[in-house]
Amino acid sequence: MFEIYILLFITTHFVNTKEVERGFYNEYIVPRVVNGHAAKHGDVPYQVAFKMRTPRRKLCMTFCGGVIISPTKLLSAAHCFAEDPSICQKICGNQGPKRTLSHTYAVAGNLRNYDVYSEDSDEHGQWRTLKSVVYPRTYKFPKDDIAILYTAKPFHFNNNVRAIPIAKKYIDYHGKCLVSGYGRTSRQGTSDKLLLAHLHLLPNRQCGLRFRKNMRKFVCTDTVVNDVGKGDSGGPLVCSKTGDPNEGPNGVLVGIVSGNQRRAASFFTRVSYFARYIERNKATLAQPIFILYTTFLLL
């Protein structure tokens, strides 16, 4: 089914590229969190908000979510940090370069969508600058949509800020799992605070049937009752009682919010598929520093 996206760009590029892109994301990326409820401090201590400065300068806005997996190591979606490719790159299947990471913060223990930079506090959480970001060379949305980020300073763990273990075993998940994000609640409205929702998981076979392709690298959830939306990308899907050997008392990270297709399902990058990649990539002094100027086209 994803191959149809490329065909859409090819057949309409010569009409109006901006309109095509806008229509593409409106059709396949549903901008809402349906029936979510407001989070309280400590509900999801592993949640990170990636915030950047708005035109009002001092005020920072969340553009994507992320997950703490160690004091300095975070996970998110690659499309949050990849430079937008040109229309030619999209058609030919090439990714764009990494975006730079300036005036961008990873914020933990903060429930607000908009906030002003602050020193560590219970009310405003912990703000950290980003040192570097890596993602698979094979990334091409939605394929391999996962990014690893490193903070310049470690987070200090407490009741509101804590890591979550990553899934390592391939499992056909069932039941409900918890998703969290700061995304839109409708096409016009954005949540002021972090929202939580329990999503119904789809068995692997059913997920593949809905998308008409092999979805082994993804975890899918139904969109009938609850959903994820624009601004939620990179956020966590956490499950409990999975049987994964790495699961902790608060569950295990099974997915990273990637996207949604109308009338099909929401899809999450399957963390267990990338467990070795995540463990293999460690922060080193040789890693370059990137500065970020992001856009809001994807989830």
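Residues numbered from 1 in each chain as written. Predicted model: local features only at pLDDT ≥ 70, side-chain atom pairs only at ≥ 80, totals over all residues. Heavy atoms only, no water.

Draft legend 1. Fine view of the overall build of the protein chain. Each helix and strand counted, the protein chain has five helices and 14 strands in total. The long-range fraction of contacts in the protein chain, counting pairs at least 24 apart against all pairs at least 6 apart in sequence, stands at 70%. Of the roughly 13,600 Å² of accessible surface on the protein chain, a fraction of 54% belongs to carbon and sulfur atoms. (Helix = DSSP H or I, 4+ residues; strand = E, 2+ residues; numbered from the N terminus. Contact = heavy atoms within 4.5 Å. Areas by Shrake-Rupley, 256 points an atom, 1.4 Å probe, with all protein chains shown as cover.)

Draft legend 2. Structural view of the side chain of Lys73. Relative to the assigned elements, Lys73 resides in strand E4 (residues 73-76). The buried charged residue Lys73 lacks any salt bridge, with Glu279 as its nearest oppositely charged partner at 7.9 Å. Of the polar contacts made by the side chain of Lys73, one reaches the backbone oxygen of Ile278; its length is 2.4 Å. Look past the residues within four positions of Lys73 in its chain and what remains in contact with it is Val67, Ile68, Ile148, Leu149, Tyr150, Ile278, Glu279 and Asn281. (Buried < 20%, exposed > 50% of the residue type's maximum accessible area, 1.4 Å probe, protein only. Lys, Arg positive; Asp, Glu negative; His and termini not counted. Salt bridge = Lys/Arg side-chain N within 4 Å of Asp/Glu carboxyl O. Polar contact = N/O pair within 3.5 Å; in protein donor to acceptor, adjacent residues only side chain to side chain.)

Draft legend 3. Quick peek at the state of the cysteines. This structure, assessed with the given rule, holds three disulfides. Here Cys64 is linked by a disulfide to Cys80, with a sulfur-sulfur distance of 2.0 Å. Because the torsion about its S-S bond is -85 degrees, the bridge between Cys64 and Cys80 counts as left-handed. In this pair, Cys64 is assigned in strand E3 (residues 59-68) and Cys80 in the loop between E4 and helix H3 (87-92), connecting sequence segments 16 residues apart. Note on accessibility: Cys64 and Cys80 belong to one class, buried. (Disulfide = S-S within 2.5 Å.)

Draft legend 4. Layout of the pattern of salt bridges. Using the criterion set out here, one finds seven salt bridges in the structure. The salt bridge involving Lys217 is made with Asp144; its shortest N-O contact spans 2.9 Å. One end of the pair, Lys217, is in the loop between helix H4 (204-211) and strand E11 (218-221); the other, Asp144, is in the loop between strand E7 (126-134) and strand E8 (147-151), with 73 residues separating them in the sequence. Looking at Asp144, the relative accessible area reads 6%, which means it is buried. Close ionic contact of Glu279 with Lys168 constitutes a salt bridge, the shortest N to O distance being 2.8 Å. With a gap of 111 residues between them, Glu279 in helix H5 (residues 275-280) and Lys168 in the loop between E8 and strand E9 (176-181) connect regions that are remote in the sequence. For Glu279, a relative accessible area of 36% translates into the label partly exposed.

Draft legend 5. Looking closely at the packing of aromatic side chains. Under the counting rule described, the total for this entry stands at eleven aromatic pairs. Ring geometry for Phe50 against Phe81: centres 5.1 Å apart, planes inclined by 85 degrees, an arrangement best described as edge-to-face. Residue Phe50 is found in strand E2 (residues 47-53), and its partner Phe81 is found in the loop between E4 and H3; the two are separated by 31 residues along the sequence. The pair formed by Phe50 and Phe81 is uniform in burial state, with each residue classed as buried. (Phe/Tyr/Trp six-rings, centres within 6.5 Å; stacked < 30°, edge-to-face > 60°.)

Draft legend 6. Quick peek at H4. Turning to H4, its buried residues number three or more, namely Cys207, Gly208 and Phe211. All buried residues of H4 lie within an arc of 100 degrees about the axis, which places them on one face of the element. Those residues of H4 that are exposed and aimed more than 90 degrees away from the buried face are Arg205 and Leu209. The secondary structure elements touched by the buried residues of H4 are E11, strand E13 (252-261) and strand E14 (265-270). (Arc of directions from axis to C-beta.)

Draft legend 7. Molecular detail of the environment of Asn260. Relative to the helices and strands, Asn260 is located in strand E13. Taking the C-alpha atoms as reference points, Asn260 and Thr221, 39 residues apart in sequence, are found 9.4 Å from one another. A polar contact of 2.7 Å, which involves the side chain of Asn260, links it to the side chain of Ser266.

Draft legend 8. Highlighting the environment of His124. Mapped onto the elements of the fold, His124 is located in the loop between strand E6 (114-116) and E7. Judged by relative accessible area, His124 falls into the buried class, the value being 18%. The spacing of His124 and Leu111 is 13 residues in sequence and 8.1 Å in space, taken between C-alpha atoms. A distance of 3.0 Å separates polar atoms of two side chains, one belonging to His124 and the other to Asp115.

Draft legend 9. Seen up close, the pairing of E14. The buried fraction of E14 amounts to six of the six residues, a majority that puts the element mostly inside the structure. Across four bridges, E11 lies against E14 in antiparallel orientation. Bridged to Phe218 within E14 is Thr269. Bridging between E13 and E14 involves six bridges; their strand directions are antiparallel. Directly across from Val257, in E14, lies its bridge partner Phe268. Adjacent in sequence and paired antiparallel, E13 and E14 are bridged by three residues, among which Arg263 carries a positive phi angle near 65 degrees. (Pairing = 2+ DSSP bridges.)

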